[in-house]
Amino acid sequence: MTRGELNAAGIHDPGLRRAYTWCRSLNARHGRTYFLATRMLTPAQRPAVHALYGFARWLDDIVDEPDPEDTPRSLAARLSEVEERFRTDLASTVSEDPLLTAVIDTAARYQLEERLFRAFFTSMRMDLSVTDYATREDLDVYVHGSAEVIGLQVLPILGAVSPREEAAPRAAALGKAFQLTNFLRDVAEDFARGRVYLPADELKAHDVDRERLSWCAEHGRADAPVRAAIKEQIAITREIYADARPGIAMLHPVSRPCVATAATLYGQILDRIEEANHDVFAGRATVSRRRRLSVGCRALARSRWARTRHPAPAPPSAVD
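Everything numeric in this text was worked out from a predicted model, so none of it was measured.

Structural notes on the overall build of the chain
Reasoning step 1: When helices and strands are tallied, the chain shows 15 helices and zero strands.
Reasoning step 2: What you see for the chain is a C-alpha radius of gyration of 20 Å, in line with the 20 Å of a compact globule of 320 residues.
Reasoning step 3: Counting across all 320 residues of the chain, residues that qualify as buried make up 52%.
Reasoning step 4: For the chain, the share of sequence-separated contacts (at least 6 apart) that also reach a separation of at least 24 residues comes to 73%.
Reasoning step 5: Within the structure as shown, the chain displays about 14,700 Å² of accessible surface, and the carbon and sulfur contribution to it stands at 52%.
Reasoning step 6: The positive charge centre, built from 44 side chains, and the negative charge centre, built from 44, are 10 Å apart in the chain.

Re helix α8 (residues 136–158)
Reasoning step 1: Of all the bends in α8, the greatest, near 50°, is centred on His 144.
Reasoning step 2: Taking burial as the measure, the 23 residues of α8 include 17 buried ones, the bulk of the element.
Reasoning step 3: Just downstream of α8, Gly 159 is the residue with a positive phi angle, here 85°.

Quick word on the packing of helix α4 (residues 46–64) against helix α5 (residues 72–92)
Reasoning step 1: Where α4 contacts α5, the two axes come as close as 9 Å, and the packing angle between them is 155°. One way to sum up the angle between α4 and α5 is to call them roughly antiparallel. Facing α4, whose interface residues are Phe 55, Trp 58, Leu 59, Ile 62 and Val 63, α5 presents Leu 75, Arg 78, Leu 79, Val 82, Arg 85 and Phe 86.

Structural notes on the pattern of salt bridges
Any two side chains of opposite charge can pair, given that their charged atoms come close.
Reasoning step 1: In this structure the tally under the stated criterion is 26 salt bridges.
Reasoning step 2: Ionic pairing is found between Asp 61 and Arg 57, a salt bridge with its closest N-O pair at 3.5 Å. Here Arg 57 and Asp 61 lie together in helix α4, a separation of four residues that amounts to about one turn.
Reasoning step 3: Here Arg 118 and Glu 114 are joined by a salt bridge, their closest N and O atoms 3.8 Å apart. Placement of the pair is Arg 118 and Glu 114 together in helix α7 (residues 114–126), with a separation of four residues, close to one helical turn.
Reasoning step 4: Taking the relative accessible area as the measure of exposure, Arg 118 reaches 34% and is therefore partly exposed.
Reasoning step 5: With a relative accessible area of 28%, Glu 114 lands in the partly exposed category.
Reasoning step 6: A network of salt bridges, in which partner residues are shared, links Glu 65, Arg 185, Asp 186, Glu 189, Arg 193 and Arg 284.

Conventions we followed
Residues numbered from 1 in each chain as written. Predicted model: local features only at pLDDT ≥ 70, side-chain atom pairs only at ≥ 80, totals over all residues. Heavy atoms only, no water. Helix = DSSP H or I, 4+ residues; strand = E, 2+ residues; numbered from the N terminus. Rg over C-alpha atoms; globule rule 2.2 N^0.38 Å. Buried < 20%, exposed > 50% of the residue type's maximum accessible area, 1.4 Å probe, protein only. Contact = heavy atoms within 4.5 Å. Areas by Shrake-Rupley, 256 points an atom, 1.4 Å probe, with all protein chains shown as cover. Lys, Arg positive; Asp, Glu negative; His and termini not counted. Charge placed at Lys NZ, Arg CZ, Asp CG, Glu CD. Bend = angle between axes of the 7 residues up to and from the residue. Axes fitted to C-alpha atoms, helices over the stretch in contact; angles between N-to-C directions. Parallel < 35°, antiparallel > 145°, perpendicular 65-115°, else oblique. Salt bridge = Lys/Arg side-chain N within 4 Å of Asp/Glu carboxyl O.

Listed below in structure tokens is the structure:
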């Protein structure tokens, strides 16, 4: 975290500065596309976005990267302990935990609703016991807490020129589209963990079930029915991107290049899957570093131009 970013955000307390700096380093290490997009934001906006990413990443890692001795019961207990501590600290606006310190400060500054955090914890707990989703409606419950709420949390940081009630559904939809893209990119990896984040009834329409997915995993390639199912899932995901995209114009002008960049790069993950003939078991679809830099550099130029024509969103009053 540069001193300029922290100063621009009105973060002066030494403990808070260390907490936000830690969140930024986590984002830089693990969220390459996400981190690149945040460089399009104004310095004052970045610390809060890094804090929310760090919090989400921390909880996700508790579930997805457990210690060998962990069990679903012990992980559930740990999540409950973290949630109780978080809700207590959120109510008092102070915490002894460095990561929670940054997140709670962000929540206070931007008046983020507690229900959004509760929904995220709910989805993380689902990962400990739910391995399949029978229908799209069932999957939507999980995606709301794991992704839509992230869009809703980030919205006040980005700022909006439209009424919040109009921009919020678009922000939630974009978070959902990002998550569904991750599911498609990570089919093989998730299946290795015993999870399938695609609606079972929609897979069944293509004669795809766990037995067929297991065959694909064993042979390192997707067969024709699985490729057809993935093709349909990409089409559904693209419809959600189309629903979300009008929300970019509802954002503050200086925030639009960041979100547009993220939407473009995530959408290109779907392009890479299509170029691989929808074979999500042959390798993980990624956007090349060269392509990320190309898109990012153009967006950075647009973001700098936007800042010359529009005043940046004023940072909220400091609470430290």
